[in-house]
There are 2 protein chains.
Amino acid sequence: MRIVLMGTGNTATVLGRLMKKCGHELLQVYGRTSSSASALASELETNFVSTPGDITDGADIYIIAVSDNAIANLAGELKLGNHLLVHTAGAVSKRVLQKASRNYGVLYPLQSLRKEMDDIPPIPFLVDGNTSEDLTLLYDFAKSISNQVAKADDELRLHYHLAAVLSNNFSNHLYTLAEEYCKAKQADFRLLLPLIQQLCLRMNRYSPSTLQTGPALRGDSATIELHLKLLEHMPGIKNLYTSITKSIQDHYRRTDN
Amino acid sequence: MRIVLMGTGNTATVLGRLMKKCGHELLQVYGRTSSSASALASELETNFVSTPGDITDGADIYIIAVSDNAIANLAGELKLGNHLLVHTAGAVSKRVLQKASRNYGVLYPLQSLRKEMDDIPPIPFLVDGNTSEDLTLLYDFAKSISNQVAKADDELRLHYHLAAVLSNNFSNHLYTLAEEYCKAKQADFRLLLPLIQQLCLRMNRYSPSTLQTGPALRGDSATIELHLKLLEHMPGIKNLYTSITKSIQDHYRRTDN
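Residues numbered from 1 in each chain as written. Chains lettered and ligands numbered in written order. Predicted model: local features only at pLDDT ≥ 70, side-chain atom pairs only at ≥ 80, totals over all residues. Heavy atoms only, no water.

Caption draft 1: Focus on the pairing of strand E7 (residues 125-129) of chain B. Residues and elements named next belong to chain B. Of all five residues making up E7, five are buried, and the element is well covered by its neighbours. Judged from the five bridges that link them, strand E6 (residues 104-109) and E7 form a sheet pairing that is antiparallel. Bridge pairing in E7 links Pro109 to Phe125. Across three bridges, E7 lies against strand E8 (residues 149-151) in parallel orientation. Residue Val127 lies in a different strand from E8, and its bridge partner there is Lys151. For the segment spanning E7, helix H4 (residues 132-143) and E8, crossover handedness is right-handed. (Buried < 20%, exposed > 50% of the residue type's maximum accessible area, 1.4 Å probe, protein only. Helix = DSSP H or I, 4+ residues; strand = E, 2+ residues; numbered from the N terminus. Pairing = 2+ DSSP bridges. Right-handed = clockwise from strand over helix to strand, strands pointing away.)

In structure tokens, the structure reads:
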């Protein structure tokens, strides 16, 4: 496919690399500032523009990969007629694109993307389109760059986005607190990485609900009390310890019944 | 080393396999019931006993790998003179062993171990001993079965145990809630696995505190409100969403100052 890529941040950069690697033709990179647009275009060996009016009309798919709150503004400056326009956001409706083109949709990478990654990780894509033809075209396009593609309308995509926040943002925060605790106690957080990574690998075969262990699940109140005492001078971690312990106990009481 | 292994559960089984694989000589398996002791001894191609009095006195290390609250009882039935006795628990003091032998310590595997694992995962060990000779011997022994070994007294081991609960038990609970949410919304939790696994791999190179993303960190209150609305009929997940969002915001406010 011939692609115009709008954006120069983490998502735009990684998607640009992925599309190029998979044999798609990047016609142009658009960026608000010439310097960032030029840098990404140079890496992707294509041209750049920094004015929406200079965007070519010769592409098959126009991809807006900018921050969530900048999508509507950028779309407002585009007049693409019937060229297919998509954004890449999890929590933004596809309808913010409807004034810019008669054909629009979403190509949402369900992965945390960073420019500085050496390798491109596996990226599941959720696709949506305002017509069944657009949806099919985007599904096939996503299949050409990823092994995992699913159709998801605005509502379902938002559910995935929320589940991703629970899984990824929130668990990362727990890892951050564990690291903070280790630093305070002269322990080496890196010794915990095999444990953390083993859990993540085991979810390939087992549901996390069957992998739960620990004092909250066992109802081991002596260990819980001991832990809470150790956290006495760290009220933030202590509060969270209490909330999650309660949540685990409530969850297994509920699912046991 | 010549080993007597006491216990037949997950930890005893996986440690038994690991020690055998690394060339140590398993003299005996002890289990409270003949059937479980016999089954593990058969897998490990050794003998079994089911009475503490029948335990041989010819081993270099005696390993108690039973549930936390059964350690003291079993130790109370042992009279090992000066043979080195260890337990494998994170949150139990080594002193529960002091009446059973003049030489005792801890060999704590900082990993979640399950019998049904096909492969033995990387296992960091935390070791402790009541004399510096015992500590050195246990350190060297642990090095013979693992690449990651650290010395940790009762107090430091408890800190690791707490950090492991935060990292492993609590994040597993978040994965469980994310899966529960996905099921309720007809979303496929497995599409989130690449995201979860990528985070775990990236911690090999980056501190989790630098990997935080998401609406709580960005102060994106519109998305947070939207998520809370989606969770209206799931009060357990909603409460946790609120606590962790607050914790993320407090954490970055604190560390920014």
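Caption draft 2: Layout of the relation of the copies chain A and chain B. It takes a turn of 180° to lay chain A on chain B, together with a shift of 0.0 Å along the axis; the resulting RMSD is 0.0 Å. Taken together, these values place the two copies in the relation of a two-fold axis. Closest to the rotation axis within chain A is the C-alpha of A:Ser171, separated from it by 2.5 Å. (Least-squares fit on C-alpha atoms with pLDDT ≥ 70 in both.)

Caption draft 3: The nonpolar core, seen in detail. Counting 84 residues, the largest nonpolar core has A:Phe189, A:Leu192, A:Tyr241, B:Phe189, B:Leu192 and B:Tyr241 as its most contacted members. Discounting chain neighbours no more than four positions away, the residues touching B:Phe189 are A:Ser167, A:Met203, A:Pro208, B:Tyr175, B:Ala178, B:Glu179, B:Cys182 and B:Ile196. (Core = buried A, V, L, I, M, F, W, Y, C linked by side-chain atoms within 4.5 Å. Contact = heavy atoms within 4.5 Å.)

Caption draft 4: Spotlight on the packing of helix H6 (residues 193-202) of chain A against helix H5 (residues 154-184) of chain B. Axis separation between H6(A) and H5(B) bottoms out at 9 Å; the angle between their running directions is 15°. Taken together, H6(A) and H5(B) sit at an angle that is classed as roughly parallel. Remark: the crossing between H6(A) and H5(B) carries right-handed chirality. Contact residues: H6(A) offers A:Leu195, A:Ile196, A:Leu199 and A:Cys200, while H5(B) offers B:Ala164, B:Ser167, B:Asn168, B:Ser171, B:Asn172 and B:Tyr175. Within the contact of H6(A) with H5(B), the residues separate by chemical class into six nonpolar, four polar and no charged. (Axes fitted to C-alpha atoms, helices over the stretch in contact; angles between N-to-C directions. Parallel < 35°, antiparallel > 145°, perpendicular 65-115°, else oblique. Left-handed = near helix turned anticlockwise from the far one by under 90°. Nonpolar A, V, L, I, M, F, W, Y, C, P; charged D, E, K, R; others polar.)

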